Amino acid sequence: MARCYYLDYISKGFLSSYDNDEYVCKLCGKRFATNDPQVKYTCNPDYGEEYKKCPVYRDRR
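*Asks:* Which parts of the structure should I look at to understand the sheet that holds strand β1 (residues 7-10)?
*Replies:* The strands that make up a sheet are held in pairs by hydrogen bonds between backbone atoms, and each pair lies either parallel or antiparallel. Reading across from one edge, β1-β2-β3 is the order of the three strands in this open sheet, with antiparallel pairing throughout. Two strands close off the open sheet at either side, each with one partner strand: β1 and β3 (31-33). Averaged over all adjacent pairs, the angle separating strand axes in this sheet is 30 degrees, with direction ignored.

Written as structure tokens, this is what we have:
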């Protein structure tokens with residue numbers, strides 16, 4: 001499965017549920033809920049490389 005290399009998964013703790021955890025973009029610092037559509041369809045798609053279309057990823061330097 002392709003996924004953006006700059007997307008990190010943050011667990012809120014040992015007893016935390018998946019819904020309370022989050023993702024953070026190491027390029028822009030934006031935090032996303034685990035069910036955020038941008039994560040599902042752009043940053044962490046089930047297949048392909050949609051993350052390369054993200055403006056933050058595309059314009060990184």
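*Asks:* Is there a simple way to think about the packing of aromatic side chains in this case?
*Replies:* For any pair of aromatic rings, the description rests on two quantities: the centre-to-centre distance and the angle between the ring planes. Taken as a whole and assessed by the stated rule, the structure comprises four aromatic pairs. Relative to tyrosine 51, the ring of tyrosine 5 has its centre 5.7 Å away and its plane inclined at 85 degrees; by these criteria the two rings are edge-to-face. Residue tyrosine 5 is located in the segment before β1, and its partner tyrosine 51 is located in the loop between α1 (37-43) and α2 (55-58); the two are separated by 46 residues in the primary sequence. On the basis of relative accessibility, which here comes to 59%, the residue tyrosine 5 falls in the exposed class. The buried category is assigned to tyrosine 51, whose relative accessible area is 1%. Residues tyrosine 51 and tyrosine 57 carry aromatic rings whose centres are separated by 5.0 Å and whose planes lie at 90 degrees to one another, so their mutual orientation is edge-to-face. Each residue in the set Tyr5, Tyr6, Tyr51 and Tyr57 is aromatic and connected to the rest through ring pairs, giving one cluster. Lying across the ring of tyrosine 57, arginine 60 places its NZ or CZ 4.0 Å from the centre.

The rules behind each value
Residues numbered from 1 in each chain as written. Predicted model: local features only at pLDDT ≥ 70, side-chain atom pairs only at ≥ 80, totals over all residues. Heavy atoms only, no water. Pairing = 2+ DSSP bridges. Helix = DSSP H or I, 4+ residues; strand = E, 2+ residues; numbered from the N terminus. Axes fitted to C-alpha atoms, helices over the stretch in contact; angles between N-to-C directions. Phe/Tyr/Trp six-rings, centres within 6.5 Å; stacked < 30°, edge-to-face > 60°. Buried < 20%, exposed > 50% of the residue type's maximum accessible area, 1.4 Å probe, protein only. Lys NZ or Arg CZ within 6 Å of the ring centre and 35° of its normal.

None of this, on its own, says anything about what the molecule does.
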